[in-house]
Amino acid sequence: ITTLTNTASAVADNAPTVNDTASVLVTGIVQNTTLTIQKFGKNITRGDTSNQTSLNAKAGDTIEFDLIISAPANTTLYNVVVADVLPAGLTYSNNSTALNNTIIGEGITYGGVNIGTLYSGQQATVKFFARVNPNVTVNQIITNTANARADNVPLTNSQPVQITINGAKIIMGALYVPTGPTTDVFALAGFGGLISSALYVAKRKGLNLIRLA
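### Regarding the overall build of the protein
Right, so step 1: The number of helices and strands found in the protein is one helix and 15 strands.
Right, so step 2: For the protein, the residues scored as buried account for 30% of the 213 residues in total.
Right, so step 3: Of the roughly 13800 Å² that the protein leaves accessible, carbon and sulfur atoms contribute 56%.

Here is the structure:
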(Lines give C-alpha, C1' and ligand atoms only; values in the text may rest on other atoms or scores of the structure.)
Protein backbone atom coordinates (compact mmCIF):
# COMPACT_ATOMS: atom_id res chain seq x y z
CA ILE A 1 0.00 0.00 0.00
CA THR A 2 1.41 3.39 -1.05
CA THR A 3 0.11 6.93 -0.63
CA LEU A 4 0.96 9.43 -3.40
CA THR A 5 0.64 13.13 -2.41
CA ASN A 6 0.68 16.14 -4.74
CA THR A 7 0.81 19.82 -3.67
CA ALA A 8 -0.21 22.89 -5.68
CA SER A 9 0.14 26.58 -4.81
CA ALA A 10 -1.18 29.93 -6.07
CA VAL A 11 0.02 33.50 -5.45
CA ALA A 12 -0.97 37.05 -6.49
CA ASP A 13 0.42 40.58 -6.01
CA ASN A 14 -2.25 41.50 -3.52
CA ALA A 15 -2.80 38.09 -1.84
CA PRO A 16 -0.65 35.64 0.09
CA THR A 17 0.38 32.24 -1.24
CA VAL A 18 -2.28 29.56 -0.98
CA ASN A 19 -1.40 25.82 -0.92
CA ASP A 20 -3.52 22.74 -1.34
CA THR A 21 -2.76 19.00 -1.48
CA ALA A 22 -4.34 15.88 -2.94
CA SER A 23 -3.52 12.28 -1.97
CA VAL A 24 -4.06 8.96 -3.79
CA LEU A 25 -3.96 5.62 -1.96
CA VAL A 26 -2.43 2.90 -4.20
CA THR A 27 -3.11 -0.73 -3.28
CA GLY A 28 -2.46 -4.02 -5.06
CA ILE A 29 0.17 -6.70 -5.68
CA VAL A 30 3.48 -5.83 -7.32
CA GLN A 31 3.93 -8.15 -10.30
CA ASN A 32 7.14 -9.76 -11.45
CA THR A 33 8.39 -8.02 -14.58
CA THR A 34 10.99 -10.51 -15.79
CA LEU A 35 11.47 -14.26 -16.24
CA THR A 36 12.56 -16.53 -13.41
CA ILE A 37 14.48 -19.82 -13.51
CA GLN A 38 14.72 -22.39 -10.73
CA LYS A 39 17.10 -25.35 -10.71
CA PHE A 40 16.78 -28.62 -8.79
CA GLY A 41 18.54 -31.99 -8.74
CA LYS A 42 17.80 -35.64 -7.93
CA ASN A 43 20.27 -38.51 -7.48
CA ILE A 44 18.57 -41.18 -9.60
CA THR A 45 21.11 -43.83 -8.60
CA ARG A 46 20.22 -43.36 -4.93
CA GLY A 47 16.50 -43.41 -5.70
CA ASP A 48 15.77 -39.71 -5.03
CA THR A 49 12.24 -38.68 -6.06
CA SER A 50 11.93 -35.08 -4.83
CA ASN A 51 13.51 -31.88 -6.11
CA GLN A 52 16.51 -30.75 -4.07
CA THR A 53 19.05 -27.92 -4.10
CA SER A 54 21.55 -29.89 -1.99
CA LEU A 55 22.27 -33.59 -2.49
CA ASN A 56 24.89 -36.31 -2.02
CA ALA A 57 26.48 -38.47 -4.72
CA LYS A 58 29.28 -40.91 -5.43
CA ALA A 59 31.45 -41.46 -8.49
CA GLY A 60 29.37 -43.00 -11.25
CA ASP A 61 25.99 -41.80 -9.93
CA THR A 62 23.43 -40.38 -12.37
CA ILE A 63 21.91 -37.00 -11.52
CA GLU A 64 18.66 -35.62 -12.96
CA PHE A 65 18.50 -31.82 -13.27
CA ASP A 66 15.17 -29.99 -13.56
CA LEU A 67 14.99 -26.36 -14.69
CA ILE A 68 11.67 -24.53 -14.22
CA ILE A 69 11.34 -21.36 -16.31
CA SER A 70 8.46 -18.94 -15.65
CA ALA A 71 7.21 -15.92 -17.58
CA PRO A 72 5.95 -12.92 -15.57
CA ALA A 73 2.21 -12.44 -15.18
CA ASN A 74 2.20 -9.34 -17.35
CA THR A 75 4.71 -10.13 -20.13
CA THR A 76 5.09 -12.63 -22.97
CA LEU A 77 8.68 -13.80 -23.53
CA TYR A 78 10.01 -14.52 -27.03
CA ASN A 79 12.89 -16.85 -28.00
CA VAL A 80 13.59 -18.07 -24.49
CA VAL A 81 17.05 -19.69 -24.35
CA VAL A 82 18.00 -21.93 -21.42
CA ALA A 83 21.60 -22.99 -20.70
CA ASP A 84 23.40 -25.00 -18.02
CA VAL A 85 27.19 -25.25 -18.30
CA LEU A 86 28.24 -28.21 -16.16
CA PRO A 87 31.23 -27.80 -13.81
CA ALA A 88 34.20 -30.17 -13.65
CA GLY A 89 33.19 -33.50 -12.17
CA LEU A 90 29.94 -33.88 -14.13
CA THR A 91 29.45 -35.20 -17.67
CA TYR A 92 26.27 -34.62 -19.68
CA SER A 93 24.34 -37.74 -20.76
CA ASN A 94 23.83 -37.54 -24.52
CA ASN A 95 20.27 -37.20 -25.89
CA SER A 96 18.79 -36.70 -22.44
CA THR A 97 17.38 -33.14 -22.71
CA ALA A 98 13.58 -32.90 -22.59
CA LEU A 99 11.20 -29.92 -22.72
CA ASN A 100 7.96 -30.63 -20.86
CA ASN A 101 8.77 -34.39 -21.09
CA THR A 102 9.46 -34.30 -24.86
CA ILE A 103 13.04 -34.98 -26.01
CA ILE A 104 14.57 -31.99 -27.82
CA GLY A 105 17.89 -31.20 -29.51
CA GLU A 106 21.25 -30.99 -27.77
CA GLY A 107 22.96 -27.83 -26.56
CA ILE A 108 21.77 -27.32 -22.99
CA THR A 109 25.35 -27.52 -21.66
CA TYR A 110 27.14 -25.45 -24.33
CA GLY A 111 25.29 -22.36 -25.52
CA GLY A 112 21.76 -23.28 -24.57
CA VAL A 113 18.53 -24.51 -26.18
CA ASN A 114 15.75 -22.30 -27.53
CA ILE A 115 12.43 -23.34 -25.95
CA GLY A 116 10.40 -20.79 -27.92
CA THR A 117 7.74 -18.45 -26.54
CA LEU A 118 6.46 -18.34 -22.99
CA TYR A 119 3.14 -16.54 -22.66
CA SER A 120 2.19 -14.39 -19.70
CA GLY A 121 2.22 -16.52 -16.54
CA GLN A 122 3.30 -19.71 -18.39
CA GLN A 123 5.90 -22.19 -17.10
CA ALA A 124 8.17 -24.66 -18.89
CA THR A 125 10.34 -27.46 -17.49
CA VAL A 126 13.65 -28.54 -19.03
CA LYS A 127 15.07 -31.84 -17.78
CA PHE A 128 18.39 -33.54 -18.51
CA PHE A 129 20.78 -36.05 -16.95
CA ALA A 130 24.47 -35.97 -16.05
CA ARG A 131 26.87 -38.51 -14.55
CA VAL A 132 29.41 -37.98 -11.77
CA ASN A 133 32.85 -38.68 -13.25
CA PRO A 134 34.71 -41.83 -12.08
CA ASN A 135 37.80 -39.83 -11.07
CA VAL A 136 35.95 -37.13 -9.12
CA THR A 137 37.57 -35.98 -5.87
CA VAL A 138 35.87 -37.34 -2.77
CA ASN A 139 34.57 -34.86 -0.13
CA GLN A 140 34.40 -31.95 -2.55
CA ILE A 141 31.24 -29.89 -3.20
CA ILE A 142 30.24 -29.34 -6.84
CA THR A 143 28.16 -26.19 -7.36
CA ASN A 144 26.10 -25.62 -10.50
CA THR A 145 23.69 -22.93 -11.74
CA ALA A 146 21.59 -22.52 -14.87
CA ASN A 147 20.47 -19.39 -16.73
CA ALA A 148 17.75 -18.19 -19.08
CA ARG A 149 17.23 -15.19 -21.35
CA ALA A 150 14.76 -13.93 -23.95
CA ASP A 151 14.55 -11.25 -26.65
CA ASN A 152 12.84 -8.77 -24.36
CA VAL A 153 14.47 -9.58 -20.97
CA PRO A 154 18.10 -9.85 -19.80
CA LEU A 155 19.95 -12.96 -18.63
CA THR A 156 18.71 -14.42 -15.33
CA ASN A 157 20.54 -17.00 -13.19
CA SER A 158 19.01 -19.76 -11.09
CA GLN A 159 19.80 -20.52 -7.48
CA PRO A 160 22.76 -22.95 -7.18
CA VAL A 161 22.49 -26.70 -6.73
CA GLN A 162 25.21 -28.22 -4.53
CA ILE A 163 26.36 -31.84 -4.86
CA THR A 164 28.53 -33.26 -2.08
CA ILE A 165 30.76 -36.09 -3.31
CA ASN A 166 31.25 -38.87 -0.77
CA GLY A 167 32.09 -42.57 -0.65
CA ALA A 168 34.69 -44.62 -2.49
CA LYS A 169 35.69 -44.01 -6.08
CA ILE A 170 34.98 -46.47 -8.85
CA ILE A 171 38.26 -48.30 -9.71
CA MET A 172 38.28 -48.82 -13.45
CA GLY A 173 39.81 -52.02 -14.87
CA ALA A 174 39.92 -54.00 -11.61
CA LEU A 175 40.20 -57.77 -12.10
CA TYR A 176 37.98 -60.33 -10.37
CA VAL A 177 40.10 -62.93 -8.60
CA PRO A 178 38.17 -66.04 -7.42
CA THR A 179 38.82 -67.03 -3.81
CA GLY A 180 37.52 -69.56 -1.29
CA PRO A 181 36.26 -72.99 -2.37
CA THR A 182 37.19 -72.43 -6.01
CA THR A 183 40.89 -72.41 -5.11
CA ASP A 184 40.49 -75.63 -3.12
CA VAL A 185 38.84 -77.36 -6.07
CA PHE A 186 41.78 -76.55 -8.34
CA ALA A 187 44.26 -77.64 -5.67
CA LEU A 188 42.51 -81.01 -5.20
CA ALA A 189 42.31 -81.51 -8.93
CA GLY A 190 46.06 -80.96 -9.23
CA PHE A 191 46.82 -83.33 -6.34
CA GLY A 192 44.63 -86.01 -7.88
CA GLY A 193 46.49 -85.65 -11.15
CA LEU A 194 49.83 -86.22 -9.41
CA ILE A 195 48.55 -89.44 -7.76
CA SER A 196 47.22 -90.76 -11.08
CA SER A 197 50.56 -90.06 -12.75
CA ALA A 198 52.48 -91.88 -9.96
CA LEU A 199 50.24 -94.95 -10.21
CA TYR A 200 50.69 -95.07 -13.99
CA VAL A 201 54.50 -94.91 -13.75
CA ALA A 202 54.62 -97.57 -11.03
CA LYS A 203 52.42 -99.91 -13.05
CA ARG A 204 54.71 -99.56 -16.10
CA LYS A 205 57.71 -100.50 -13.92
CA GLY A 206 55.97 -103.51 -12.35
CA LEU A 207 55.77 -101.98 -8.89
CA ASN A 208 52.91 -102.64 -6.53
CA LEU A 209 51.56 -99.56 -4.72
CA ILE A 210 48.96 -99.54 -2.01
CA ARG A 211 45.78 -97.93 -3.39
CA LEU A 212 44.14 -95.49 -1.05
CA ALA A 213 40.44 -96.15 -0.35
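Now that the structure has been shown, we can carry on.
### Brief notes about the environment of threonine 109
Right, so step 1: Residue placement: threonine 109 occurs in the loop between β9 (102-103) and β10 (113-118).
Right, so step 2: Looking at threonine 109, the relative accessible area reads 17%, which means it is buried.
Right, so step 3: Sequence spacing of threonine 109 and threonine 97 is twelve residues, and the spatial spacing of their C-alpha atoms is 9.8 Å.
Right, so step 4: When residues no more than four places from it in sequence are discounted, the contact partners of threonine 109 are Asp84, Val85, Leu86, Tyr92 and Phe128.

### Notes on the pairing of strand β3 (residues 36-43)
Right, so step 1: With six of eight residues buried, β3 lies mostly within the body of the structure.
Right, so step 2: Relative to strand β5 (residues 62-70), β3 is paired through eight bridges, and the arrangement is antiparallel. Each bridged residue has a counterpart across the sheet, and for glutamine 38 the counterpart in β5 is isoleucine 68.

### Looking at the packing of aromatic side chains
Right, so step 1: Applying the stated criterion across every chain yields a total of two aromatic pairs.
Right, so step 2: For the ring pair phenylalanine 65 and phenylalanine 128, a centre distance of 5.4 Å and an interplane angle of 40° mean the geometry is tilted. Note that phenylalanine 65 is positioned in strand β5 and phenylalanine 128 in strand β11 (residues 123-132), a separation of 63 residues in sequence.
Right, so step 3: According to the relative accessible area criterion, phenylalanine 65 is buried, its value standing at 0%.
Right, so step 4: Ring centres of tyrosine 92 and phenylalanine 128 lie 6.0 Å apart, and the angle between their planes is 45°; this geometry places the pair in the tilted category. Remark: phenylalanine 128 occurs in strand β11 and tyrosine 92 occurs in strand β7 (residues 90-92); sequence separation between them is 36 residues. The two residues tyrosine 92 and phenylalanine 128 agree in class, both being buried.
Right, so step 5: Members of the aromatic cluster, joined through ring pairs, are Phe65, Tyr92 and Phe128.
Right, so step 6: One residue, lysine 39, lies across the ring of phenylalanine 65, its end atom 4.3 Å from the ring centre.

### A word on the nonpolar core
Generally speaking, soluble globular proteins have nonpolar side chains that are buried together.
Right, so step 1: Formed by 35 residues in total, the largest nonpolar core has its most connected members in Phe65, Ile69, Val80, Val82, Ile115 and Ile163.
Right, so step 2: Only β4 (54-57), β5, β6 (77-83), β7, β10, β11, β13 (147-150) and β15 (161-165) provide two or more residues apiece to this core.
Right, so step 3: When residues of this core are assigned to their parent elements, the largest contribution, five residues, is made by β11.
Right, so step 4: Discounting chain neighbours no more than four positions away, the residues touching phenylalanine 65 are Lys39, Phe40, Gly41, Leu86, Leu90, Val126, Lys127, Phe128, Ala130, Asn144, Val161 and Ile163.

### Brief notes about the pattern of salt bridges
Right, so step 1: Tallying each qualifying case throughout the model produces three salt bridges.
Right, so step 2: Salt-bridge contacts for lysine 39 lead to aspartate 84; the nearest nitrogen and oxygen are separated by 2.5 Å. Placement of the pair is lysine 39 in strand β3 and aspartate 84 in the loop between β6 and β7, with a sequence separation of 45 residues.
Right, so step 3: Lysine 39 gets classed as buried once you look at its relative accessible area, which sits at 0%.
Right, so step 4: Aspartate 84 sits in the buried class, given a relative accessible area of 0%.
Right, so step 5: A salt bridge links lysine 42 to aspartate 66; its shortest N-O distance comes to 2.9 Å.

Here is what the cut-offs are and how they apply
Residues numbered from 1 in each chain as written. Predicted model: local features only at pLDDT ≥ 70, side-chain atom pairs only at ≥ 80, totals over all residues. Heavy atoms only, no water. Helix = DSSP H or I, 4+ residues; strand = E, 2+ residues; numbered from the N terminus. Buried < 20%, exposed > 50% of the residue type's maximum accessible area, 1.4 Å probe, protein only. Areas by Shrake-Rupley, 256 points an atom, 1.4 Å probe, with all protein chains shown as cover. Contact = heavy atoms within 4.5 Å. Pairing = 2+ DSSP bridges. Phe/Tyr/Trp six-rings, centres within 6.5 Å; stacked < 30°, edge-to-face > 60°. Lys NZ or Arg CZ within 6 Å of the ring centre and 35° of its normal. Core = buried A, V, L, I, M, F, W, Y, C linked by side-chain atoms within 4.5 Å. Salt bridge = Lys/Arg side-chain N within 4 Å of Asp/Glu carboxyl O.

In short, geometric facts, not functional conclusions.
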